[in-house]
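Coordinate analysis (summary)
Chain by chain, the residues run as shown.
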Amino acid sequence: MNVKQRTLKAPVSVSGVGLHTGASVTLTFKPAPENHGYKFQRIDLPGNPIIDADVDNVTDTSRGTTLEQNGGRISTIEHVLASLVGLEVDNVLIEVDGPEAPIMDGSSIQFIEALEKVGFEDQKADREYYHINQNIHYAEADRKVEMIAMPADDYRLTVMVDYNSPVLGTQHANISHISEFRSEIASCRTFVFLHELEVLLKHGLIKGGDLNNAIVIVDREVNDGELAHLATLFNREKIAVAKEGILNNISLRHQNEPARHKLLDVIGDLALAGMPLKAHIMAARPGHAANVAFAKKIKALIKKERRGKSIPLYNTNAKPVYDVNDIMARLPHRPPFLLIDKILEISSSHVVGVKNVTMNEPFFVGHFPGAPVMPGVLQVEALAQNGGILVLNTVPDPENYLTYFMKIENVRFKEKVLPGDTLVLRCDLTAPIRRGICQMKGIVMVGDKIVTEAEMMAQIARKPNV
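Just so you know, these numbers come straight off a predicted model, no measurement behind them. (Residues numbered from 1 in each chain as written. Predicted model: local features only at pLDDT ≥ 70, side-chain atom pairs only at ≥ 80, totals over all residues. Heavy atoms only, no water.)

**Quick notes on the overall build of the protein**
Looking only at helices and strands, the protein features 9 helices and 24 strands. By the burial criterion, 51% of the 466 residues in the protein qualify as buried. For the protein, the computed accessible surface area is about 21500 Å², with 49% contributed by carbon and sulfur atoms. (Helix = DSSP H or I, 4+ residues; strand = E, 2+ residues; numbered from the N terminus. Buried < 20%, exposed > 50% of the residue type's maximum accessible area, 1.4 Å probe, protein only. Areas by Shrake-Rupley, 256 points an atom, 1.4 Å probe, with all protein chains shown as cover.)

Next up, the structure:
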């Protein structure tokens, strides 16, 4: 049986501080439509830029994973993404009012608890997994990093850490199914060696650190004066070294908590590959840079396989959801400027329409005589009308509204459209509709080829005097 995509039943917010910036920040998880995936939105910046949780948008991995797109930047996102993957949630918009996700207690558990409070909702579309069908390797010889993805029926992970430290030593952690994330991995906190903590403090890089959100591993001899100095920095009366070789500010939740946290980071970073995985991931000495490089390798294979697959073929002779009369009841366009003949599919997040291109089209009289080609701008107009049907389907009285297009970008014309072609036009929402503004990705297909694609932004407005 196919597994359905799922989102949240309602929005939910968490608040805290950024580990490195010290900035107070509120993060809100919001339900999102099918095939939306994970997206962050900086609601504190002009234009509220959206940042796709995509490995191609990673700009820094030095102290966590940072994404940047559309003039927006968001840091330390790995624990947030790990919580969504661990709960098998597919589509979420993550609003943030600061430059960094809140560190909370250094794990994913508080994100998990917030998400569980509102619950989850199955959607109509099937979840699409990327099945690893051959071993994928990644290695960094200088750091002794090795990662491998192997074929498996579930999402399994095994992680080994070895820092050549007499305190930490070699640790292993594993889960045999992603459903174990909640109980075995989610509460495991980030960790830092004392010598790293001192460098970070010296450079003012952990302004949000308060010893409640990290395990501090003491990897050298320290005297009472140094411990007293640390206590002063972190507003503690006293700090000592526990028998496990960590500062006694917190107790370990698991004997191998550092290895479990590294597994958490791997899950969060590999979410940036863009699809839920069916694989057994084995990682030795992983870190954010290696995780991201490995995610890029997996994403490249996903793209390669997708290019090799045929475009979904639609039965253009099937009974339409809307015929041309239904379309004219919704759109103000009329022949010869009505460029949609029927609608084959429509949902809350996508629409599929059809345009039959015949030699009778008035534009062929002048474009080009002797070698007729459908103008590219009219293909885009057909996409826009198709998208208009989707947008107007979200209001109760569509005949009283108009759709105005605000922006069309990243338009690509890949093949000529000739008399006799049948255009199949598909538009998908790329973000939830907010304040009447919608964003869509559209493609035009002829047979099994994409001939045109574009990204569009439109606004719904009431007709004048209505």
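**A look at the packing of aromatic side chains**
Evaluated as defined, the whole model comprises 2 aromatic pairs. Relative to F111, the ring of F29 lies with its centre 6.2 Å away and its plane at 80°, an arrangement referred to as edge-to-face. With a gap of 82 residues between them, F29 in strand β3 (residues 24-31) and F111 in helix α2 (residues 109-118) connect regions that are remote in the sequence. Above the plane of the ring of F120 lies R6, whose end atom (NZ or CZ) is 4.4 Å from the centre. Over the ring of Y322 we find R330, and its NZ or CZ is 4.0 Å from the ring centre. (Phe/Tyr/Trp six-rings, centres within 6.5 Å; stacked < 30°, edge-to-face > 60°. Lys NZ or Arg CZ within 6 Å of the ring centre and 35° of its normal.)

**Considering unusual backbone geometry**
A cis geometry characterises the amide bond from P335 onward to P336, with omega recorded as 10°. Assignment of secondary structure puts P336 in the loop between α8 (324-330) and β19 (342-346). For the bond running from H367 to F368, omega is -20°, close enough to zero to count as cis. Note that F368 resides in the loop between β20 (350-356) and α9 (376-392). Even without glycine at this site, N70 takes up a positive phi of about 55°. Structurally, N70 is set in the loop between β7 (66-69) and β8 (72-74). Here N70 falls in the exposed class, since its relative accessible area comes to 57%. Phi at K144 takes a positive value of approximately 60°, unusual for a residue other than glycine.

**Examining the pairing of strand β23 (residues 437-446)**
Bridge count for strand β22 (residues 422-434) against β23 is 8 bridges, and the pairing is antiparallel. For V424, the partnering residue across the bridge sits in β23 and is M445. Between β22 and β23, which pair antiparallel in sequence order, lie 2 residues; one of them, R435, sits at a positive phi of approximately 50°. Here β23 pairs with strand β24 (residues 449-462) via 10 bridges, running antiparallel. Opposite I443, over in β24, you have E453 as the bridge partner. Joining the antiparallel neighbours β23 and β24 is a turn of 2 residues, in which G447 adopts a positive phi near 65°. (Pairing = 2+ DSSP bridges.)

**What to know about the pattern of salt bridges**
Close approach of charged atoms allows side chains of opposite charge to pair. A full pass over the atoms with the stated rule returns 22 salt bridges. Of the charged contacts in the structure, one is a salt bridge between R73 and E68, with a shortest N-O distance of 3.0 Å. The salt bridge partner of R253 is D105, with a shortest N-O separation of 3.0 Å. Residue R253 is located in the loop between α5 (224-233) and α6 (257-270), and its partner D105 is located in the loop between β9 (92-96) and α2; the two are separated by 148 residues in the primary sequence. For R253, a relative accessible area of 38% corresponds to the partly exposed category. Residue D105 is classed as buried on the basis of its relative accessible area of 11%. Members of the salt-bridge network, linked through shared partners, are K30, E95 and R434. (Salt bridge = Lys/Arg side-chain N within 4 Å of Asp/Glu carboxyl O.)

**Some points on the sheet that holds β9**
With mixed pairing, 5 strands are arranged side by side in an open sheet as β2-β3-β9-β4-β5. Strand pairing shows two members of the sheet lacking a second neighbour, β2 (12-17) and β5 (50-52), which therefore form its edges. The mean inter-strand angle of the sheet, taken between neighbouring strand axes irrespective of direction, is 25°. In this sheet, β9 lies alongside strand β4 (residues 38-42) in parallel orientation, the contact comprising 5 bridges. Counterpart to F40 in the pairing with β9 is I94. (Axes fitted to C-alpha atoms, helices over the stretch in contact; angles between N-to-C directions.)

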